[in-house]
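# An overview of the molecular structure
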Amino acid sequence: MKRFEPYGFLRDLASRWDVLAFIVVIGLIAFLGEASRGLFAPLSQLEVVPLSLDPARLPEYAARTTFRMLAGLGLSLVFTLTYATWAAKSERAGKLLVPILDILQSVPILGFISVTAVFFMSLAPGRVLGAEFVAIFAIFTSQAWNMAFSFYQSLRTIPTELMEAAESFRLSPWMRFWQLEVPFAMPALIWNMMMSMSGGWFFVVASEAVSVGHTTFALPGVGSYIALAIEHKNLRAIGWAIATMLIVILLYDQLLFRPLVAWVDRFRVEQEPGVRVPESWALTMMRRSRLIQAANVTFHAAVLWTSRAVKRNDAPSIDAAARPKRSLDLLWISLVAAAVVLGLWHMVAGLIADTPLQEALHVCGLALLTMLRVFGLIALASLVWVPIGVWVGMRPRAAQIVQPIAQFMAAFPANLLFPIAVYGIVAWKLNPDIYLSPLMILGTQWYILFNVIAGASAIPAEMRHVAANFRVTGWLWWRKVALPAVLPFYVTGAITASGGSWNAAIVAELASWGDTRIRARGLGSYIAEATIAGDFHQIVLGIGVMSLFVVIINRLFWRPLYYFAERRYRLT
Amino acid sequence: MNNAPLLQCTDVRKSFPKPDGAELLVLEGMNLELREGQIVGLLGRSGSGKSTLLRLIAGLAEPSDGQLFYLGQPIVGPAAGIAMVFQSFALFPWLTVFENVALGLEAQRMPRAEIRKRSLAAIDLIGLDGFESAYPRELSGGMRQRVGFARALVVHPNILLMDEPFSALDVLTAETLRTDFLDLWAEGRMPIKGVILVTHNIEEAVLMCDRILVFGTNPGRILSEIKVSLPQPRNRLDPSFRELVENIYVEMTARPQGSASRHERFPGSGIGTALPHVSSNLLAGLMEAVAAPPFNGKADLPEIASDLQMEIDELFPVAETLQMLRFAELEGGDLKLTEAGMAFAQSALDERKRIFLRHLLTYVPLAAHVRRVLDERASHSARKSRFIDELEDFMNEEAAEQSLRAVVSWGRYAEAFAYDNENAMFSLENPT
């Protein structure tokens, strides 16, 4: 048998797989170069050179959209590694940082865009860069909180013995971070990244063409292309955009996430042979290619090298962090108190003081309307998708076909499909209060479907056999077997769907087709109209009320339901 | 040569703060010395603080009182010359065998060539040749623990700490690994000077150690120290080996002397006694086994342990619960059924429940207390939290939960009371 050489990796110069990998890499670099060109052009140029509805331009637009997506993802990753680490390592900071994350998760991102837009535009006035920042930041907000949460949770659940091993072999904190903590957190992190991707596509589409008051900007991309198509009432162009997006998401999934998911499989700590090793042709290609392997090893070497370069703290450190330091505690508490007071003052002086009671009540009423819609739609979607999901999940072959489709549908930005529905509503003069509502759940209903499918296929064969053996059928079977078994999964899906629907309300409750604008009464349309009018006071009020509603609903309804389902019905 | 012992612990004490400000004592009066060429065993069951002591030595935790010295120097953090082998192996699944082994040297920033040389040497020594590029998940449990050993040996420690290193392995694999380890140790091929082995397996301790410290529980402390002077390699069937094992069983089941310690585990008085969670099935099963031939009511503990394939960690709590319920007597390494115990073993289910109910309410104060509260109340029901609060005056939250769980399961079996988990309510009614 050949002797393994840990550091000797470059033996052959090139293999067949190298050629393929070479093409992909060069293609990627070319695309990045194309996408980042013109970033520094003055903003006025955006208005001078108008977007074109020519489908030939779509590949370029798609490339730019994808570039924003990647940048947002990178930014989220940086945020995750710093913020979540801080929250996990410092007991003191964690107490505040974790709840902040939880609230941030509930803030409607779309409403946020208009607020951040002006900020970023002012940072880089007159330049495209500012507008790009706005879009990237929107993507960031749709992913970062989720990812940070996942990373934080992983850091808190590292098995004690692994931590002790790292400590007893005296790994420096830096080395421990890269050799233990990051790898351990990787599988959950990648999974979360993939899940929040759908949100990302949704917001990148929505944030490319934004008008706040008199400032209007449209960045070249699929989102602004579709905005232009709506303005021109061009159904054919919308069709092109949808087709493009389908391809982009497919490529993104196949080239980025499939390989990542297959790759992180090795980082799972449960060492029992996995149920099924995830496969990816792209990963196989990367693994077999010596060049990419070389890059991999170089990365590993870099981690080791930086571990050596970073100054080592040789002072013994047991329990030093655990020991409470009174004076530091006091400082931290006073800092937090100062921040809270400042925040409160801004809220009172800037928002509440200027808000007549009537206005506040009006907004709350609108929020109730939107809440009614969200819950109604979730109930409706559940009625449709739970039976179908169970049916599919019980049939492995059907599940194999339907599951990827459901996940794909969840990733597809539903707002691309809105124009078609709006066209229909305008054409048949339907009641927007009712017929605009389904748009809110168009993209999020799939979470219910694929979670239920996952739940149903996880029902142990023995349990199904028992049911068959005792001839438990019909409604009894649904009540005693199927529904309890999928409940934990269903709740997870419904929570995601509900959160997404609140967000979608901002674009779904107010839609336009050419010059025609239709609107459903609700908090979403309130925020959207305030954005168009550039009324920041109303925008902030709307966002605040919506965040409040989402937080309260989560705490009082979804979270208890989730724990109840986990405790009572989780099959282990 | 340095005359200081490899390791010295003097009057070490460890306690953890409880939420109410009081402290929970887990380890007390620990005095221990490790000299070159010795394997010292820390033998006891879970909760006796032996693993805690090992972590103090490893520098992973700080003693509340007393001092630990490594080569005459106080231990204030993980020391370079002390390496540890873990019960669950604690390998990094994303690193190959080679990378796992090299990790400790990387942390010391040794030159690359040196790391490579030493890692491969350690891998060779421990019999992992050819597995360098494998990931832990591809290996069997035995091979994984070999990686654990190689990873510890590669840093050339003076002291090797082993935390129940064989307990996660099947019997055959564990035996092979033990023998391999002892061979390497006898031949002096490992770069280590002394070993501390934590175990709850009596035979393993006698097989491997030169000295055995027997730990008692509540709080963890050393009950006795036993020198093992049998020549290596030792034979489990050797009469003197058997005798030693027997003696340790006697030692570990001896009634603690003095009234103070009598009150520690099963004082038989007051509700402030932590109860082990032992299912009624296990209790009945052990009584049946002891009542049946060849034991006929009196069983030698090592014998019945090997008969039922139970480790002392599993057997002792069951035997002691029987003793607490006055179904059996534990003495001199024997488990002897009382009259009631024999009657129980020979009865049918309904009669068993009656006997069990009588003994439960007579000898388990907490069960009697719960029953009394339920009887006295007009509603015949009481919240679980009510009892938890009471128990927490005597023990920590975890022990309180566990004690109440034990009482719930015994009470349900004896039909002394009912418990509704959903609402956390005790009651006298049967569920509808």
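Structure report, in brief. (Residues numbered from 1 in each chain as written. Chains lettered and ligands numbered in written order. Predicted model: local features only at pLDDT ≥ 70, side-chain atom pairs only at ≥ 80, totals over all residues.)

## Some details on the interface of chain B and chain A
Each side of the interface is counted separately: chain B has 30 residues, and chain A has 29 residues. Taken together, the elements giving at least two residues each to the side of chain B that touches chain A come down to β6 (82–85) and α2 (97–107) of chain B. Ranked by residues supplied to the side of chain B that touches chain A, first place goes to α2(B) with 5 residues. (Contact = placed C-beta atoms within 7 Å. Helix = DSSP H or I, 4+ residues; strand = E, 2+ residues; numbered from the N terminus.)

## Quick notes on the sheet that holds strand β3 (residues 39–43) of chain B
Residues and elements named next belong to chain B. What the 6 strands build is an open sheet, ordered β6-β7-β8-β3-β9-β10; its pairing is mixed. The sheet terminates laterally at β6 and β10 (221–227), the two strands that pair on one side only. Between one strand axis and the next, the sheet turns through 20 degrees on average, direction left out of account. Both strand β9 (residues 211–216) and β10 contribute to a ladder of 6 bridges, which runs antiparallel. Residue pairing for β10: Gly 216 is matched across the bridge by Arg 221. (Pairing = 2+ DSSP bridges. Axes fitted to C-alpha atoms, helices over the stretch in contact; angles between N-to-C directions.)

## Remarks on the environment of A:Trp332
Tracing the backbone shows A:Trp332 in helix α13 (residues 326–352). In sequence terms A:Trp332 and A:Arg92 are 240 residues apart; their C-alpha atoms lie 7.5 Å from each other.

## A look at helix α22 (residues 523–533) of chain A
Residues and elements named next belong to chain A. Of all 11 residues in α22, 8 are buried; the element is thus mostly enclosed. Here α22 has its buried residues at Leu 523, Gly 524, Ser 525, Tyr 526, Ile 527, Ala 528, Ala 530 and Thr 531. Of the residues flanking the end of α22, it is Gly 534, one or two places downstream, whose phi is positive at about 75 degrees. (Buried ≥ 20, exposed ≤ 12 C-beta atoms within 10 Å, placed from the backbone.)

## So, the pairing of strand β4 (residues 516–519) of chain A
Residues and elements named next belong to chain A. Sheet analysis places strand β3 (residues 510–513) next to β4, joined by 4 bridges and oriented antiparallel. Its bridge partner being in β4, Leu 510 is matched across the sheet by Arg 519. Taking the residues that link successive antiparallel strands as the turn, the β3-β4 hairpin has 2 residues, and the phi of Gly 514 there is positive, at about 65 degrees.

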